[in-house]
Amino acid sequence: MLSATAIHGQQPNVAVQREAMKKLDFLAGEWSGPASVSRGPGEPMKLTQSEVAQFKMDGLVMLVEGTGRDAAGKIVFQALATICYDDASSTYRFRAYNDGHYLDTELQVMAKGFEWGYTAGPLKVKNVMRVNEKGEWAETTESTYGSTPPRKSVEMALRRQP
């Protein structure tokens, strides 16, 4: 079993990590609602998106699982992500898995929201999530390829489920 000491050369401060993770309390729970996904020209795909966000490892890690279903109820999108706080660098880390790919990037956490993004060659992706004035998980993903204007590729408005 690998320890944080072996990875970073110092002892982790789990109290600091746990306290930082409390900034994500607003996200914990089950959410569901409409989503629109554009993967090229033509009409965007309409989905019912669900997100389940739960703390694991005594509050040190948040696990987020997203599932998108078409009108017939068939799963057409699945993603799994972990969020943790690295006390050595004072940053949140976001690792997401989807369709055999994974992404490891920094997550910017703010009051009732977060942002993350990445660059892959000429492609830039920026994702912004906020809990809006209606209490919905409102999330958009914008993609920019080269010098083209940003294009929304994902839009969601999810409500917390009882």
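Bear in mind the structure is a predicted one, so any value in this text is a computation, not a measurement.

Caption draft 1: Geometry of the overall build of the protein. Along the backbone of the protein there are two helices and ten strands. The N-to-C order of helical and strand elements in the protein reads α-α-β-β-β-β-β-β-β-β-β-β. Computed over the C-alpha atoms, the radius of gyration of the protein is 17 Å, within 12% of the 15 Å expected from 2.2 N^0.38 for a compact globule of 162 residues. Along the three orthogonal principal directions, the C-alpha set of the protein runs to about 50 × 40 × 30 Å. Counting all 162 residues of the protein, 32% fall into the buried class. Within the protein, counting contacts between residues at least 6 apart in sequence, those at least 24 apart form 32% of the total. Total accessible area on the protein stands at roughly 9,900 Å², and carbon and sulfur atoms take up 54% of it. Here the protein carries 19 positive and 19 negative side-chain charges, and the mean point of each set is 2 Å from the other.

Caption draft 2: The nonpolar core, seen in detail. Leu-27, Met-62, Ile-83, Tyr-92, Phe-94 and Trp-137 are the most contacted members of the largest nonpolar core, which totals 27 residues. When neighbours within four sequence positions are excluded, Trp-137 is seen to be in contact with Leu-27, Trp-31, Glu-51, Val-64, Met-129, Arg-130, Met-156, Ala-157 and Leu-158.

Caption draft 3: Layout of the sheet that holds strand β9 (residues 137-145). Pairing is antiparallel in the closed barrel, where ten strands are placed in the order β1-β2-β3-β4-β5-β6-β7-β8-β9-β10. Averaged over all adjacent pairs, the angle separating strand axes in this sheet is 20°, with direction ignored. Relative to the sheet, helix α2 (residues 14-21) contacts β2 (45-56), β3 (61-69), β4 (75-86) and β5 (91-98), its axis offset from that of β4 by approximately 135°.

Caption draft 4: The arrangement of the layout of surface pockets in detail. A volume near 920 Å³ is recorded for the largest pocket. What lines the largest pocket is a set of 36 residues, and nearest its centre among them are Phe-77, Asn-98, Trp-116, Thr-141 and Val-154. When its residues are assigned to classes, the lining of the largest pocket shows 23 nonpolar, nine polar and four charged.

Caption draft 5: Seen up close, α2. Taken together, the buried positions of α2 are occupied by Gln-17, Ala-20 and Met-21. Here the buried residues of α2 occupy an arc of 100° about the axis, which is enough to place them on one side. Against the buried residues of α2 lie β2, β3, β4 and β5.

Caption draft 6: Here's a closer look at a nonpolar patch on the surface. There is a patch of nonpolar side chains on the surface, built from Leu-80, Tyr-97 and Tyr-102 and spanning about 310 Å² of accessible area. With respect to the helices and strands, the residue Tyr-102 is situated in strand β6 (residues 101-110).

Caption draft 7: Region of the structure containing the pattern of salt bridges. Counted according to the given criterion, the structure contains seven salt bridges. Its salt-bridge partner being Asp-104, residue Arg-93 comes within 3.2 Å of it at the nearest N-O pair. Residue Arg-93 is found in strand β5, and its partner Asp-104 is found in strand β6; the two are separated by eleven residues along the sequence. On the accessibility criterion, Asp-104 (41% relative accessible area) is partly exposed. Arg-130 serves as the salt-bridge partner of Glu-115, at 3.0 Å between the closest nitrogen and oxygen. Of the two residues, Glu-115 is situated in strand β7 (residues 113-120) and Arg-130 in strand β8 (residues 123-131); the sequence distance between them amounts to 15 residues. Overlapping salt bridges, with partners in common, bring together Arg-93, Arg-95 and Asp-104 in one network.

Caption draft 8: Layout of the side chain of Thr-91. Here Thr-91 is to be found in strand β5. What makes Thr-91 buried here is its relative accessible area of 14%. Sequence-distant contacts of Thr-91, defined by excluding residues within four places in its chain, comprise Cys-84, Tyr-85, Asp-86 and Glu-106.

Definitions and limits used
- Residues numbered from 1 in each chain as written.
- Predicted model: local features only at pLDDT ≥ 70, side-chain atom pairs only at ≥ 80, totals over all residues.
- Heavy atoms only, no water.
- Helix = DSSP H or I, 4+ residues; strand = E, 2+ residues; numbered from the N terminus.
- Rg over C-alpha atoms; globule rule 2.2 N^0.38 Å.
- Buried < 20%, exposed > 50% of the residue type's maximum accessible area, 1.4 Å probe, protein only.
- Contact = heavy atoms within 4.5 Å.
- Areas by Shrake-Rupley, 256 points an atom, 1.4 Å probe, with all protein chains shown as cover.
- Lys, Arg positive; Asp, Glu negative; His and termini not counted.
- Charge placed at Lys NZ, Arg CZ, Asp CG, Glu CD.
- Core = buried A, V, L, I, M, F, W, Y, C linked by side-chain atoms within 4.5 Å.
- Pairing = 2+ DSSP bridges.
- Axes fitted to C-alpha atoms, helices over the stretch in contact; angles between N-to-C directions.
- 1 Å grid on protein atoms, 1.4 Å probe; cavity = no way out; pocket = protein on both sides within 12 Å on 5 of 7 lines; lining within 4 Å.
- Points joined across faces, edges and corners; volume = space filled by probe spheres on them.
- Nonpolar A, V, L, I, M, F, W, Y, C, P; charged D, E, K, R; others polar.
- Arc of directions from axis to C-beta.
- Patch = residues over 30% accessible without salt bridge, like charges linked within 9 Å, V, L, I, M, F, W, Y side chains within 5 Å.
- Salt bridge = Lys/Arg side-chain N within 4 Å of Asp/Glu carboxyl O.

By themselves, these observations are geometric and do not establish any function.
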